[in-house]
Amino acid sequence: RVALLVTAFFAYMLVMASKEMAVTLPLVMFAYDFVREPLLAEQQAQGRSPSGLFSQATSVVRKYRWLYLPLFLGAIAFTWYAVFEIRPSKNWGWYGGSAVNNFLTVARIWVYYLSLLLYPHTLVADYTGSFPIAQSVTDWRFLVPLGLLGMGGVLIFVALRRNQCVFAFASLWF
């Protein structure tokens, strides 16, 4: 069992070295385990409260801690390396001029990516300058996407409560 965990960790490091997006693999694995655990235990998640879902998440992390701990630590270490050591863009600035503006604008970019899943219009390799920068939490360019993402979060919560595992997992994967 230890040999398998070491092999999995080593393979994960190699995958991240070839494709940075692999850093999200532990989150995808967690989403899968979180959605399938009630099915394995033949429990129904029907009527669960947010605290029940939190305790389910805690239970999943405890159950698979020897798998998740090294993968999450490896992901954190790789993220540090990729962001602060190799700096792919070769600059220290944030999109939008500040970290706050960057994260306010990210909500709009996520909604755009979700729209591409439904209707793949105008696929471009570089979206530089395509998204106006949100300047404050009261900016409509932040509030509208936040509302849409919030509705998506509610749909995921409802799907988890109704044991609609495929929809919940696919949504959490995004």
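Residues numbered from 1 in each chain as written. Predicted model: local features only at pLDDT ≥ 70, side-chain atom pairs only at ≥ 80, totals over all residues. Heavy atoms only, no water.

1. Looking at the overall build of the protein chain
Operational definition: Secondary structure elements are defined from DSSP: runs of H or I of at least 4 residues count as helices, runs of E of at least 2 residues count as strands, and each element is numbered from the N terminus. Whether a residue is buried, partly exposed or exposed follows from its accessible area with a 1.4 Å probe, protein chains only, as a fraction of its type maximum: under 20%, in between, or over 50%, in that order. Whether two residues touch is decided by their heavy atoms; if any such pair falls within 4.5 Å, the residues are in contact. For every accessible area listed, the method is Shrake-Rupley and the probe measures 1.4 Å; residues are considered covered only by the protein chains on display.
Secondary structure summary: the protein chain contains 7 helices and 0 strands in total. Within the protein chain, the proportion of its 174 residues that are buried is 27%. In the protein chain, the share of contacts with a sequence separation of at least 24, taken over all contacts with a separation of at least 6, comes to 67%. Summing over all exposed atoms, the protein chain offers an accessible surface of approximately 11,900 Å²; the carbon and sulfur share of this is 70%.

2. Observations regarding a nonpolar patch on the surface
What counts, and what does not: What makes a patch is a set of residues exposed beyond 30% relative accessible area and free of salt bridges, joined within 9 Å when like-charged and within 5 Å when nonpolar (Val, Leu, Ile, Met, Phe, Trp, Tyr). Basic side-chain nitrogens of Lys or Arg form a salt bridge, by our definition, when they fall within 4 Å of a carboxyl oxygen of Asp or Glu.
There is a patch of nonpolar side chains on the surface, built from Trp-110, Tyr-113, Leu-117, Leu-118, Tyr-119 and Phe-174 and spanning about 760 Å² of accessible area. Judged by relative accessible area, Trp-110 falls into the partly exposed class, the value being 46%.

3. Some remarks on the pattern of salt bridges
Counting across every chain of the model gives 2 salt bridges. Across the salt bridge formed by Arg-36 and Asp-33, the nearest N and O atoms sit 3.1 Å from each other. With Arg-36 and Asp-33 both in helix H2 (residues 25-40) and 3 residues apart, the pair spans about one turn of that helix. A residue is classified by how much of its surface remains accessible, and Arg-36, at 22% relative accessible area, is partly exposed. A relative accessible area of 7% means that Asp-33 is categorised as buried. Measuring nitrogen to oxygen at the nearest pair gives 3.1 Å for the salt bridge that ties Arg-141 to Asp-139. Owing to a relative accessible area of 10%, Asp-139 belongs among the buried residues under this scheme.

4. Brief notes about the confidence of the model for the protein chain
We count it as follows: Confidence per residue, as judged by the predictor, is encoded in pLDDT with a range of 0 to 100.
With 90% of its residues at a pLDDT of 70 or more, the protein chain shows a mean pLDDT of 82. Within the protein chain, helix H6 (residues 140-161) carries the highest mean pLDDT (90), whereas helix H7 (residues 165-173) carries the lowest (79).

5. Some thoughts on the side chain of Gln-56
How we decide: We define a polar contact as two N or O atoms separated by no more than 3.5 Å, with the added condition that, inside protein, one atom must be a possible hydrogen donor and the other a possible acceptor, whereas residues neighbouring each other in sequence contribute only through side-chain atom pairs.
Following the sequence through the fold, Gln-56 ends up in helix H3 (residues 50-63). The buried category is assigned to Gln-56, whose relative accessible area is 8%. Within the structure, the side chain of Gln-56 is placed 2.5 Å from the backbone oxygen of Phe-34, a separation counted as a polar contact.

6. Thoughts on the side chain of Asn-102
Here Asn-102 shows up in helix H5 (residues 99-118). Those residues in contact with Asn-102 that sit more than four places away from it in its chain are Trp-94 and Tyr-95.

7. Considering the packing of H5 against H6
Put simply, the test is: Angular values range over 0 to 180 degrees, each being the angle between N-to-C directions of two axes fitted as lines to C-alpha atoms, with helices fitted over their stretch in contact. Between 65 and 115 degrees an angle is taken as roughly perpendicular, under 35 as roughly parallel, over 145 as roughly antiparallel, and anywhere else as oblique. Left-handed describes a crossing in which the near helix is turned anticlockwise from the far one by less than a right angle; the clockwise case is right-handed. When residues are sorted by character, Ala, Val, Leu, Ile, Met, Phe, Trp, Tyr, Cys and Pro go into the nonpolar class, Asp, Glu, Lys and Arg into the charged class, and all the rest, Gly among them, into the polar class.
Two elements in contact, H5 and H6, have axes whose closest approach is 8 Å; the angle formed by their N-to-C orientations is 50°. The orientation of H5 with respect to H6, classified from their angle, is oblique. Two packed elements cross with a definite hand, and for H5 against H6 that hand is left-handed. Of the residues in H6, those touching H5 at Leu-104, Ala-107, Arg-108, Trp-110, Val-111 and Leu-114 are Trp-140, Arg-141, Phe-142, Pro-145, Leu-148 and Leu-149. Here the residues of the contact of H5 with H6 sort into 10 nonpolar, no polar and 2 charged.

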